[in-house]
Amino acid sequence: MPELQRLRADHAPAVLAFELANRAYFATFISDRGDEFFDHFAERHSAFLAEQEAGICAFYVLVDEDGSVLGRFNLFEIADGSAELGYRVAQHVAGRGVATATVRELCQLAAARHGLRTLKAVTTRENVASQKVLTKAGFVPVGPAEIVGKPGTWYQRDLPTA
């Protein structure tokens, strides 16, 4: 059974393999990360870990039983009890409820582990799958957004307080 794990240094090879294997798929929904991201992945991964250590972000990976990464689920801009949620799942598990279940799990972790009260997420209007994930995970649309020149929508979920 897949397990949501906080990002660690030893996840780097599996995360890079995940990003490379799904690069073209992800580019159909969001801007491509560009060759520089992949060429300097080790440095980027270290920077992510430093941001996580500083408490600015919290990065998670959904790891399959064989050690491969099925998805990335991240909390960005953590401040004042809120954060922005971002996620991506592998093409071969898309449409199977993996993203919805993991976003729900991350919402629980955001409240319990990170003390967050509100999560926000943004998606383009054309990314219907992501809209469905967010809605099923308890997010509600709260306003318009623009994502790399594309119209989108901000979503928000208030988290239970302990």
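Bear in mind that the values here come from a model prediction, so they are computed numbers and not experimental data.

Caption draft 1: Spatial organisation of the overall build of the chain. Each helix and strand in the chain was counted, giving six helices and seven strands. Reading the chain from its N end, one meets helices and strands in the order β-α-α-α-α-β-β-β-α-β-α-β-β. A globule of 162 residues ought to have a C-alpha radius of gyration of about 15 Å, and the chain, at 15 Å, matches this closely. Its C-alpha atoms give the chain principal-axis dimensions of roughly 35 × 35 × 30 Å. Buried positions account for 43% of the 162 residues belonging to the chain. Between the averaged position of the 17 positive side-chain charges in the chain and that of its 20 negative side-chain charges there is a distance of 7 Å.

Caption draft 2: Broad picture of the sheet that holds strand S5 (residues 118–124). Ordered in space as S1-S2-S3-S4-S5-S7-S6, the seven strands form an open sheet in which the pairing is mixed. Two strands lie at the open edges of the sheet, namely strand S1 (3–6) and strand S6 (140–147), each paired on one side alone. For this sheet, the mean angle separating the axes of adjacent strands, direction not counted, is 25°. Both S5 and strand S7 (residues 150–158) contribute to a ladder of seven bridges, which runs antiparallel. Residue pairing across strands places Thr 118 opposite Asp 158, the latter belonging to S7.

Caption draft 3: Representation of empty space enclosed by the protein within the structure. Summed over the entire model, instances satisfying the criterion amount to one cavity of 30 Å³ or more. Space inside the largest cavity adds up to approximately 50 Å³. If you go around the largest cavity, the residues you meet are Glu 19, Arg 23, Phe 26, Ala 27, Ser 31, Asp 32, Arg 33, Phe 38 and Arg 88. At three residues, helix H2 (residues 23–27) tops the list of elements feeding residues into the lining of the largest cavity.

What counts, and where the lines are drawn
- Throughout this description, residue numbers start from 1 for each chain and increase along the sequence as written.
- Where local features are concerned, this predicted model is filtered to residues with pLDDT of at least 70; where side-chain atom pairs are given and counted, the filter is 80 or more; whole-chain, interface and lining totals use all residues.
- Think of the side-chain values as coming from all heavy atoms in the structure, minus any hydrogens and water.
- Only DSSP runs of H or I reaching four residues or more are called helices, and only runs of E reaching two or more are called strands; each is numbered from the N terminus.
- Radius of gyration here is computed from C-alpha atoms only, and the compact-globule reference equals 2.2 Å multiplied by the residue count raised to the power 0.38.
- Whether a residue is buried, partly exposed or exposed follows from its accessible area with a 1.4 Å probe, protein chains only, as a fraction of its type maximum: under 20%, in between, or over 50%, in that order.
- All tallies of charge rest on Lys and Arg as positive and Asp and Glu as negative; His and the ends of each chain are not included.
- Charge positions are represented by NZ for Lys, CZ for Arg, CG for Asp and CD for Glu.
- A strand pair is defined by DSSP finding two or more bridges across the two strands.
- Fitted lines through C-alpha atoms serve as axes, helices being fitted only where they are in contact, and the angles separating the N-to-C directions of these axes extend from 0 to 180 degrees.
- Here a cavity denotes a set of grid points, spaced 1 Å apart and computed over the protein atoms alone, in which a 1.4 Å probe fits but from which it cannot get out, and a pocket denotes an open set meeting protein on both sides within 12 Å along at least five of seven lines; residues with an atom within 4 Å of a point are reported as lining.
- Grid points are joined across faces, edges and corners, and a volume is the space filled by probe spheres set on the points.

These figures capture arrangement, not role.
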